[in-house]
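The residues making up each chain are set out below.
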Amino acid sequence: MDHNRDGTSVDTKSTVAGGVQDVYGEDCATEDQLITPWTLSVASGYNLLRDPRHNKGLAFTEKERDAHYLRGLLPPAVITQQLQEKRLMQNLRSFEAPLHKYITLMELLDRDEKLFFKLLVDNMEELLPIVYTPTVGEACQKYGSIFRRPHGLYISLNEKGKILEVLKNWPEKSIQVIVVTDGERILGLGDLGCQGMGIPVGKLALYTALGGVRPSACLPITIDVGTNNEKLLKDEFYIGIRQRRATGKEYSDFLHEFMTAIKQNYGEKVLVQFEDFANHNAFELLEKYSPTHLVFNDDIQGTAAVVLSGLVAALKSLGGTLADHTFLFFGAGEAGTGIAELLALEMWHQAKLPLDESRKKIWFVDSKGLIVSSRMESLQPFKKPWAHDHEPVTDLLDIVKAIKPTALIGTSGQGKTFTKEVIEAMASFNKKPLIMALSNPTTQSECTAEEAYYWTEGRAIFASGSPFNPVEYNGKVFFPGQANNAYIFPGFGLGLVMSGAIRVHKEMLLAASEALAGEVTQEDFQKGMIYPPIPNIRKISAQVAASVAAKAYEIGVATRLPQPENLVKFAESCMYNPNYRNYR
């Protein structure tokens, strides 16, 4: 006999309704008593259906249903993976709201991992805007309200001094790729704090679907150091710590503990991809940890590689080398300056033009106007290499007329800034003006595809960050290119993983850009495209991975020896296969 707090006796050996023994005394405990959340792990059919990695839903065969105690737990019909995919795609297409589609897909990931990735692989063009930009931005804004179950690790300031212990709580031990954010600059939406988790989850879904890195080797992490978003701090559904952002020494010490713990727990070859950090932190973290860790920043390096690829591919239409052209960037943040640095390096690579000379072909506009030498004292360090001799100009239209660039590249996060007058000015001195409106999501795009084609009378070569539909002008259909980082980072990561690389070098980024540019066919150019079609992206990722791995072997940072003879075939053989397996 035991006793309740009120003194009444309780028979803990008795049974509850239905004759099931109350082994742990949970049913006879009062509500304020502490109980232990025991679970029994039995290899039964019920548990199998709730294991997303092994669940096949109605695709379990009659034989499997007998062998794995599934009789009665499923309706009698046996339906193939292909038919389940067809049914789910029909359901998704019936939803009008993209966020509804996003939530449905995340629920599928919780339920049936292989079917989720099968859907992504087979319907990439349709689903990419749902699992990543632009819909993932809305999902992050509403993450507190739509949160179902954690898809990654949340490491907050509450865990200071215990980060290594927290990493050990993650069930998978062989991690190859980590995507981490602190949520301070989510897409063009600003500080979303802990709710930025949608970004690492989305990126790693693409690592698997496009780059073939197995899901169990991927770990999404959100570092929660607070948020300066007043709306979130007052939101009753906010899922993060309710304080303003930690900065300075407190922030850098916390990040250093994190990076040290990552290496200690997962070793030298785990890739850490920084995602959506604020400009100053992004540059500092990349510079600080590049010599000691395998780190990559997609906003700086991935964006740079994919945009450089578009510029290299566009040369087939424009003619000449990169050094023969002039580039004007509208927006001088981490994305813009990262692209420019890689562009200058490629000019050296192509034409052996010294870096100082290469940089003079590249101009920047920030919030104060054209970046020029007379502003040098007040410029942030990463802007200084781009300050050239010129009188100060503040208006974009005046700047375009003065610099006469071949390419106008928007990385400002400010929508509608490439006005009709600006685009017409570009068209007045370029036979084929190259317009890249790269800011995400679509509402932040500097101009639309339709505007670029119409205002240049169909002469523009156009690419954007978020997807735009094809545009018809004067009887011709133009297919806007999307400078989507998904063309680069999944293949880039696979190349690092399959070569066992221990450091990232800029030459690897150039190799990735050139490999992607090489995948654009003459047929693509005739449609106005400077990027290959999205549905081919798995094959493209294999080519990118092979080029990156080849460069890793050449530089001497690859540890997987001997080098495979055919790196493209090796990349394809390494890729995760989302088809259902047969069970014993």
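Before reading on, note that the structure itself is shown above.
Rules and cut-offs
- Residues numbered from 1 in each chain as written.
- Predicted model: local features only at pLDDT ≥ 70, side-chain atom pairs only at ≥ 80, totals over all residues.
- Heavy atoms only, no water.
- 1 Å grid on protein atoms, 1.4 Å probe; cavity = no way out; pocket = protein on both sides within 12 Å on 5 of 7 lines; lining within 4 Å.
- Points joined across faces, edges and corners; volume = space filled by probe spheres on them.
- Helix = DSSP H or I, 4+ residues; strand = E, 2+ residues; numbered from the N terminus.
- Nonpolar A, V, L, I, M, F, W, Y, C, P; charged D, E, K, R; others polar.
- Contact = heavy atoms within 4.5 Å.
- Axes fitted to C-alpha atoms, helices over the stretch in contact; angles between N-to-C directions.
- Parallel < 35°, antiparallel > 145°, perpendicular 65-115°, else oblique.
- Left-handed = near helix turned anticlockwise from the far one by under 90°.

(A) Layout of the layout of surface pockets. The calculated volume of the largest pocket comes to roughly 770 Å³. Lining the largest pocket are 35 residues, and of these Arg 185, Ala 335, Thr 411, Gly 413 and Ser 439 sit closest to its centre. Broken down by secondary-structure element, the contributors of at least two residues to the lining of the largest pocket are α14 (298-318), α15 (334-351) and β9 (362-366). Among the residues making up the lining of the largest pocket, the classes are represented as eight nonpolar, 18 polar and nine charged. In this structure, the second largest pocket occupies an estimated 630 Å³ of space. Along its surface, the second largest pocket is lined by 23 residues, and Phe 283, Leu 286, Ile 300, Glu 341 and Lys 506 are the ones closest to its centre. In terms of residue count, the dominant contributor to the lining of the second largest pocket is helix α13 (residues 279-289) (five residues). Split by residue class, the lining of the second largest pocket holds 12 nonpolar, seven polar and four charged.

(B) Summary view of the environment of Gln 195. With respect to the helices and strands, the residue Gln 195 is situated in the loop between β4 (177-181) and α10 (198-209). Sequence separation between Gln 195 and Leu 232 is 37 residues, and the spatial gap between their C-alpha atoms is 9.3 Å. Beyond its immediate stretch of four places on either side in the chain, Gln 195 contacts Cys 140, Gln 141, Lys 142, Tyr 143, Gly 144, Leu 232, Phe 237, Tyr 238 and Ile 239.

(C) Inspection of the packing of α14 against α15 at higher detail. Closest axis-to-axis distance for the α14/α15 pair is 8 Å, and the angle between their directions is 50°. Judged on the interaxial angle alone, α15 and α14 are oblique. Between α14 and α15 the crossing geometry is right-handed. Across the interface between the two elements, Asp 299, Ile 300, Thr 303, Ala 304, Ala 305, Val 307, Leu 308, Leu 311, Val 312 and Leu 315 of α14 pack against Glu 334, Ala 335, Gly 338, Ile 339, Leu 342, Leu 343, Glu 346 and Gln 350 of α15. Its residues assigned to classes, the contact of α14 with α15 comprises 12 nonpolar, three polar and three charged.

(D) Summary view of unusual backbone geometry. In this structure, the amide linkage connecting Thr 133 to the following residue, Pro 134, adopts the cis form with an omega of 10°. One can find Pro 134 in the loop between α6 (124-131) and α7 (135-141). Here the bond from Leu 561 into Pro 562 is cis, since omega is 0°, no more than 30 degrees from zero. Tracing the sequence through the fold places Pro 562 in the loop between α23 (537-555) and α24 (567-574). Its identity as a non-glycine residue notwithstanding, Lys 352 has a phi of 55°, on the positive side. With respect to the helices and strands, Lys 352 occurs in the loop between α15 and α16 (355-359). One non-glycine residue, Glu 457, lies in positive phi territory at about 55°. By secondary structure assignment, the location of Glu 457 is in the loop between α19 (449-455) and β13 (461-464).

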